[in-house]
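Residues per chain are reported as follows:
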Amino acid sequence: RASSWPWWGGSARQKDLYEGTERQAYLVAKTMGFNAQFGRCATMATAAHEPTEVMYYPLQLKTALPLDIHVETSAWRDAFLLIGIEGHSGLEIVFGAEDGTFLHVRKIRSQPGWAVRSDIMRVPMKTARPRGDEGDDEKVWSAFRVRVQNDRE
């Protein structure tokens, strides 16, 4: 390394540049509707399905407890998040359930051909709805955060 390395900020500056570049790449991918993963964060373009059909878009992350997830969505109702094993069993969070009026947390166990769902909690909420007709292309972004702690914490 050059002798001026510490003078230019060294590893702290390198870390700041990396995190800033990562954040900018994430924002571009989110704005453009790309599926992309950048170290600690990811963005995915998903679409609504029939009311009787729930589909999860898989995202492989290296995780450990405690887990802290920040989710942003343009869905004002029925935004499903499954934190679990191979996309079929785990903790399901439904943001904007019951026409955008509740948050549901459930335990899911499933295999092809069967599923068991156990309600853990149901909390009233109010989501940000698009102002115009439902068919408008206007996106209103909402965010929620999920934290899963160790049993000992």
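Our structure is the block above this text.
Residues numbered from 1 in each chain as written. Predicted model: local features only at pLDDT ≥ 70, side-chain atom pairs only at ≥ 80, totals over all residues. Heavy atoms only, no water.

A.B. asks: Please give an account of the overall build of the chain that cites residues and values.
C.D. replies: Each helix and strand in the chain was counted, giving 2 helices and 8 strands. Order of helices (α) and strands (β) in the chain, N terminus to C terminus: α-β-β-β-β-β-α-β-β-β. Residues classed as buried in the chain amount to 21% of the 153 residues present. The contacts in the chain between residues at least 6 apart in sequence include a share of 36% that link residues at least 24 apart. (Helix = DSSP H or I, 4+ residues; strand = E, 2+ residues; numbered from the N terminus. Buried < 20%, exposed > 50% of the residue type's maximum accessible area, 1.4 Å probe, protein only. Contact = heavy atoms within 4.5 Å.)

A.B. asks: I'd like to hear about the packing of aromatic side chains, residue by residue, with values.
C.D. replies: The full count for this structure, using the stated rule, is 1 aromatic pair. Relative to Phe144, the ring of Phe95 lies with its centre 4.7 Å away and its plane at 15°, an arrangement referred to as stacked. With Phe95 in strand β5 (residues 89–96) and Phe144 in strand β8 (residues 142–148), the pair connects residues that are 49 residues apart, well separated along the chain. With respect to burial, Phe95 and Phe144 carry one shared label: buried. The aromatic ring of Trp141 is capped on one face by Lys30, whose charged end is 4.4 Å from the ring centroid. (Phe/Tyr/Trp six-rings, centres within 6.5 Å; stacked < 30°, edge-to-face > 60°. Lys NZ or Arg CZ within 6 Å of the ring centre and 35° of its normal.)

A.B. asks: Describe in detail the environment of Glu22, supporting the description with residues and values.
C.D. replies: By secondary structure assignment, the location of Glu22 is in helix α1 (residues 10–32). With near-sequence residues (within four places) excluded, Glu22 lies in contact with Phe38, Gly39, Arg40 and Cys41.

A.B. asks: Break down unusual backbone geometry for me, citing the residues and quoting the values.
C.D. replies: Despite not being glycine, Asp78 shows a phi value in the positive range, around 55°. Position of Asp78 relative to the elements: it lies in the loop between β3 (67–73) and β4 (79–85). Taking the relative accessible area as the measure of exposure, Asp78 reaches 40% and is therefore partly exposed. Phi at Glu98 is positive, roughly 50°, even though this residue is not glycine. With respect to the element layout, Glu98 can be found in helix α2 (residues 97–100).

A.B. asks: Can you lay out the side chain of Ser89 for me, pointing to particular residues and giving the numbers?
C.D. replies: Summarising the element assignment, Ser89 is placed in strand β5. Those residues within four positions of Ser89 in sequence are excluded, and the remaining contacts are Leu82, Ile83, Gly84, Ile108, Arg109 and Ser110.

A.B. asks: Could you give an account of the sheet that holds strand β7 (residues 114–124), naming the residues involved and the relevant values?
C.D. replies: Spatially, the 4 strands line up as an open sheet ordered β4-β5-β6-β7, and their pairing is antiparallel. Each having just a single partner strand, β4 and β7 make up the two edges of the open sheet. Between one strand axis and the next, the sheet turns through 20° on average, direction left out of account. One ladder, built from 7 bridges, connects β4 with β5; its direction is antiparallel. Counterpart to Leu81 in the pairing with β5 is Ile93. (Pairing = 2+ DSSP bridges. Axes fitted to C-alpha atoms, helices over the stretch in contact; angles between N-to-C directions.)

Without other data, these values stay purely geometric and don't point to any function.
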